[in-house]
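Residues per chain are reported as follows:
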Amino acid sequence: PDLFQAPDYYLLDDLLTEEHKLVRDSARAWVKREVSPIIEDYAQRAEFPKQIIKGLGEIGGFGPYIPEEYGGAGLDQISYGLIMQEIERGDSGVRSTSSVQSSLVMYPIWKFGTEEQRMKYLPKLATGEFMGCFGLTEPDYGSNPSGMVTNFKDMGDHYLLNGAKMWISNAPFADIAVVWAKDESGRIHGLIVERGMEGFTTPETHNKWSLRASATGELIFDNVKVPKENLLPGKSGLGAPMMCLDSARYGIAWGAIGAAMDCYDTALRYAKERIQFDKPIAATQLQQKKLAEMITEITKAQLLTWRLGVLRNEGKATTAQISMAKRNNVDMAINIAREARQILGGMGITGEYSIMRHSMNLESVITYEGTHDIHLLITGADITGMPAFK
Ligand code: TGC
Ligand code: FAD
């Protein structure tokens, strides 16, 4: 009774283990207690609620699938997905913080870092004592990151890093940044850049109408001396950041379901209570059409992510399968948010309800981690063997 309503039309809970349900329910209870009551206010003020960082770590929001020896929660991919779903039910911006820390900062250090780097950073990232960000996008290279111009030179005892990244979640307060840059031969590598290094600044991006409770900024590197031990040696080339994106996009596919669930649940309750022309608007065919289509789309999205989770647990999920789920589910959620908003009439545009905030947040989610168009092109390339990007 203490928890959110969670649509489960096809009894998908039967497919979950006791551990999955435990992890999900504790994330759900935490979001209801710590995020939902405060998030509208922070979003209105365009401020990230830093006080939730510790709790996010405690519910497994930072590195849910990173092994326990490095401070992670050691959970499987379905648990990871369920945590993202519950966090994004609260707010996409909070889920972004969790996605970035887990899949874009901890994941590359775990997969491509040295044992020293893992021990130095991962346990502190898992608790939120250190916060990280991920710099791939540049002002002139968004969908096409392989064109990046940020670069580093080997100066003998250190690297010299120059360039700029844009649209970086958590940049304004991050302690470390995993930065993708080209070496002198044009090969992409990951470097760990720490706040305080001379020439490294992180100006905040203001005036966003979307993802307002998440801090976004730039990363500027002006002759930054990066110690050689901060290079991630395990993998180079665009494939290294792309593997991080695979993991984050998978989490977003689940997260979008959370935002959609919250919009659907809010609209259903409102429609049952709101009386116009002497009857609840839920008793009209037009509003039932909206609500029935919402639960159908949520159910389809749940099936997609559950199966994708199984494939990821088995190490079989492809990048193109992940793209399909990210694209479908975010589009599903943004459409549900828009329809749900209308069911609430004028009340739908206020901060009394979460729908307008979800709707605006999802405008970022449909753009970042590969735009809606790019994911379609990834599917197109996969089924035809003819990439249409270039
Ligand atoms: P392409 O020629 O396809 O590939 C270049 C090299 O990379 C390899 N590769 C992968 N390896 C492992 N896993 C993957 N998923 C891989 N994808 C590609 C590939 O095999 C190749 O290797 P090699 O050895 O042959 O050189 O690359 P392309 O330049 O044609 O680009 C492909 C494209 C467009 C699909 C890709 O670049 C793309 O996905 N663009 C979208 C960019 C994007 O998603 N940016 C996200 C930035 S981070 C972010 O938004 C965080 S939001 C914060 C939050 O979550 O809150
Ligand atoms: P562009 O690439 O310029 O695309 C513009 C339009 O052109 C899009 O509609 C796109 O689909 C379309 N398009 C592009 N190429 C093609 C093509 N070949 N064929 C057809 N259409 C095409 N990045 C990070 O690295 N780290 C982060 O933490 C991060 N956080 C973000 C947070 C927010 C709030 C936002 C908004 C973005 C964030 N990003 C981050 C950046 C994000 O990944 C990029 O915005 C995204 O990849 C798109 O790049 P772009 O904005 O440069 O758009």
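Residues numbered from 1 in each chain as written. Chains lettered and ligands numbered in written order. Predicted model: local features only at pLDDT ≥ 70, side-chain atom pairs only at ≥ 80, totals over all residues.

### Looking at the site of ligand 2
The criterion, for reference: Only the C-beta atom matters for this test: placed from the backbone, it must lie within 6 Å of a molecule or strand for the residue to be near it. Numbering goes from the N terminus for both helices and strands, where a helix is a DSSP run of H or I of at least four residues and a strand is a run of E of at least two. Charged residues are taken to be Asp, Glu, Lys and Arg, nonpolar residues to be Ala, Val, Leu, Ile, Met, Phe, Trp, Tyr, Cys and Pro, and polar residues to be all remaining types, Gly included.
Taken together, 21 residues surround ligand 2, and among them Leu136, Thr137, Gly142, Ser143 and Asp373 come closest. Where the shell around ligand 2 is concerned, the elements lending two or more residues are β1 (132-135), β3 (158-169) and α10 (372-384). Classifying every residue of the shell around ligand 2 by side-chain character gives 10 nonpolar, 9 polar and 2 charged.

### Comments concerning the environment of Ser92
Our working definition: In this scheme the burial state of a residue depends on its C-beta neighbours within 10 Å: 20 or more other such atoms mean buried, 12 or fewer mean exposed, and anything in between means partly exposed; the C-beta positions come from the backbone. A pair of residues counts as a contact when their C-beta atoms, built from backbone coordinates, are within 7 Å of each other.
Tracing the backbone shows Ser92 in helix α4 (residues 92-112). For Ser92, a count of 30 C-beta atoms within 10 Å gives the class buried. In this structure, the C-alpha to C-alpha distance between Ser92 and Tyr70, residues 22 residues apart in sequence, is 27 Å. The contact partners of Ser92, leaving out residues within four places of it in the chain, are Leu211, Gly255, Ala259, His358, Asn361, Leu362, Ser364 and Val365.

### Description of the UniProt feature "domain: Acyl-CoA dehydrogenase/oxidase C-terminal" (unreviewed entry) in the chain
As a reminder, the rule being used: UniProt positions are given in the numbering used here, feature names are shortened, and annotations may be inferred rather than shown by experiment.
As recorded in UniProt, the sites labelled "domain: Acyl-CoA dehydrogenase/oxidase C-terminal" (unreviewed entry) are residues 236-381. With 75% helix and 3% strand, the stretch residues 236-381 has end C-alpha atoms that lie 23 Å from each other.

### Here's the deal with the UniProt feature "domain: Acyl-CoA oxidase/dehydrogenase middle" (unreviewed entry) in the chain
Following the UniProt record, one finds the feature "domain: Acyl-CoA oxidase/dehydrogenase middle" (unreviewed entry) at residues 133-224. The span residues 133-224 is 0% helix and 48% strand, and its two end C-alpha atoms sit 17 Å from each other.

### Section: unusual backbone geometry
Phi at Ala46 is positive, roughly 55°, even though this residue is not glycine. Looking at the secondary structure, you find Ala46 in the loop between α1 (18-45) and α2 (53-58). One non-glycine residue, Asn170, lies in positive phi territory at about 75°. Among the secondary structure elements, Asn170 is positioned in the loop between β3 and β4 (176-182).

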